[in-house]
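# Observations on chain architecture
What follows is the residue order along each chain.
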Amino acid sequence: MKNKIIQFLSAVFPFISVIILWRLSVVFWNPAGILAIIPIFYCSFVKPVPWFTPFAILFCFLIDYRFDSLFYWTFIYCLFYAVNGFQSFIDLSRLDKNALQIFMFFFGISTLVLSFMHFNFSNLLRAIWLSAWVSALYFPITSLIKRVCNDR
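As a starting point, this report considers the structure included with it. Small disclaimer: the values here were computed from a predicted structure and weren't measured.

With that out of the way, let us pick up the overall build of the protein chain. Helix and strand content of the protein chain: six helices and zero strands. Along its sequence from the N terminus, the protein chain presents helices and strands in the succession α-α-α-α-α-α. Over its C-alpha atoms the protein chain spans a radius of gyration of 15 Å, differing by no more than 12% from the 15 Å that the globule rule assigns to 152 residues. Reported as C-alpha extents along the three principal axes, the dimensions of the protein chain are approximately 55 × 35 × 25 Å. Each of the 152 residues in the protein chain was classed as buried or not, and the buried ones make up 41%. Taking the contacts inside the protein chain whose residues are at least 6 apart along the sequence as the reference set, 68% of them involve residues at least 24 apart. Total accessible area on the protein chain is roughly 9300 Å²; 72% of this is exposed by carbon and sulfur atoms. Across the protein chain, the centroid of the 11 positively charged side chains sits 9 Å from that of the 5 negatively charged ones.

A few words on the state of the cysteines. As used here, a disulfide is simply a covalent bond connecting the sulfur atoms of two cysteines. If you walk through the whole model with that rule in mind, you get zero disulfides. C78 provides the cysteine sulfur closest to C60, a residue in no disulfide bond, and the two sulfurs are 7.3 Å apart. Looking at C60, the relative accessible area reads 0%, which means it is buried.

A separate point is helix 3 (residues 52–67). The end-to-end C-alpha separation of helix 3 is 22 Å, in line with the 22 Å expected for 16 residues at 1.5 Å each. Of all the residues in helix 3, the buried ones are F52, F55, A56, F59, C60, I63 and D64. Where helix 3 is buried, its residues touch helix 1 (2–23), helix 2 (37–46) and helix 4 (72–86). Phi for D68, located one or two positions after helix 3, is positive at around 60 degrees.

Our focus in this paragraph is the environment of S110. Among the structural elements, S110 can be located in helix 5 (residues 100–117). Sequence separation between S110 and Y72 is 38 residues, and the spatial gap between their C-alpha atoms is 8.9 Å. In this structure, S110 is in contact with Y72, W73 and I76, ignoring residues within four places of it in sequence.

Per the counting criterion, the structure on display carries one salt bridge. A salt bridge links R94 to D91, with the shortest nitrogen-to-oxygen separation between them at 2.9 Å. In this structure R94 comes out as exposed when scored by relative accessible area, which is 70%. Its relative accessible area of 35% is what places D91 among the partly exposed residues.

In this section: helix 2. Counting buried positions along helix 2 yields 10 of 10 residues, so the element is predominantly enclosed. Along helix 2, the residues classified as buried are I37, I38, P39, I40, F41, Y42, C43, S44, F45 and V46. In this structure, the buried side of helix 2 is in contact with helix 1, helix 3, helix 4, helix 5 and helix 6 (121–148).

Cut-offs used in this document
Once a new chain begins, its residue numbering starts again from 1 and follows that chain's sequence as written. Thresholds applied to this predicted model are a pLDDT of at least 70 for local features of residues and 80 or more for the giving and counting of side-chain atom pairs; totals over whole chains, interfaces and linings are not thresholded and use all residues. To obtain the side-chain values, all non-hydrogen atoms of the structure were used and water was disregarded. Going along the chain from the N terminus, every DSSP run of H or I of four or more residues is numbered as a helix, and every run of E of two or more is numbered as a strand. Only the C-alpha atoms count toward the radius of gyration. The rule for a globule is 2.2 Å times the residue count to the power 0.38. Only protein chains enter the calculation, and the probe is 1.4 Å; a residue is then buried if its accessible area is under 20% of its type maximum, exposed if over 50%, and partly exposed in between. When checking whether two residues touch, look at their non-hydrogen atoms; a contact exists if any pair is within 4.5 Å. Residue-level accessible areas treat just the shown protein chains as cover; the underlying method is Shrake-Rupley with a 1.4 Å probe. Note on charges: Lys and Arg go in the positive column, Asp and Glu in the negative column, and His and the chain ends are not counted at all. To locate a charge, take NZ of a lysine, CZ of an arginine, CG of an aspartate or CD of a glutamate. Put simply, a disulfide is two cysteine sulfurs that come within 2.5 Å. Multiplying 1.5 Å by the helix residue count minus one yields the expected span of that helix. By salt bridge we mean one thing: a side-chain nitrogen of Lys or Arg within 4 Å of a carboxyl oxygen of Asp or Glu.

Next up, the structure:
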């Protein structure tokens, strides 16, 4: 019985981590729950979790809803999902540091494009801060997910 509970909790942990990070929305530290993009990226591309893609699309849409951006993060996620599906040169599951470099590229370019939509110096600094903050938290969050879900 105990093993079944542990297996269930390790199977649902990626989903729960997205919900928790999205709900812990704070203007400066986690605007619109954007930290939820970390487990969304990791569990979709680096260590794919079964049935996670529809859940990830839903939460990208919810991040868009809180950001007041019309399908931006949903579009970026679907675009990266398509590009990742068609390419065969880079295997994200075999990269070191949980594919941190690819995530930094994905998130940095996405945030930079978003800041240029209404360009001013304040938005540019906010985009740089957000990219640095989310990239700094990527490895600890993905390591926690990997540790909790290690038996799969």
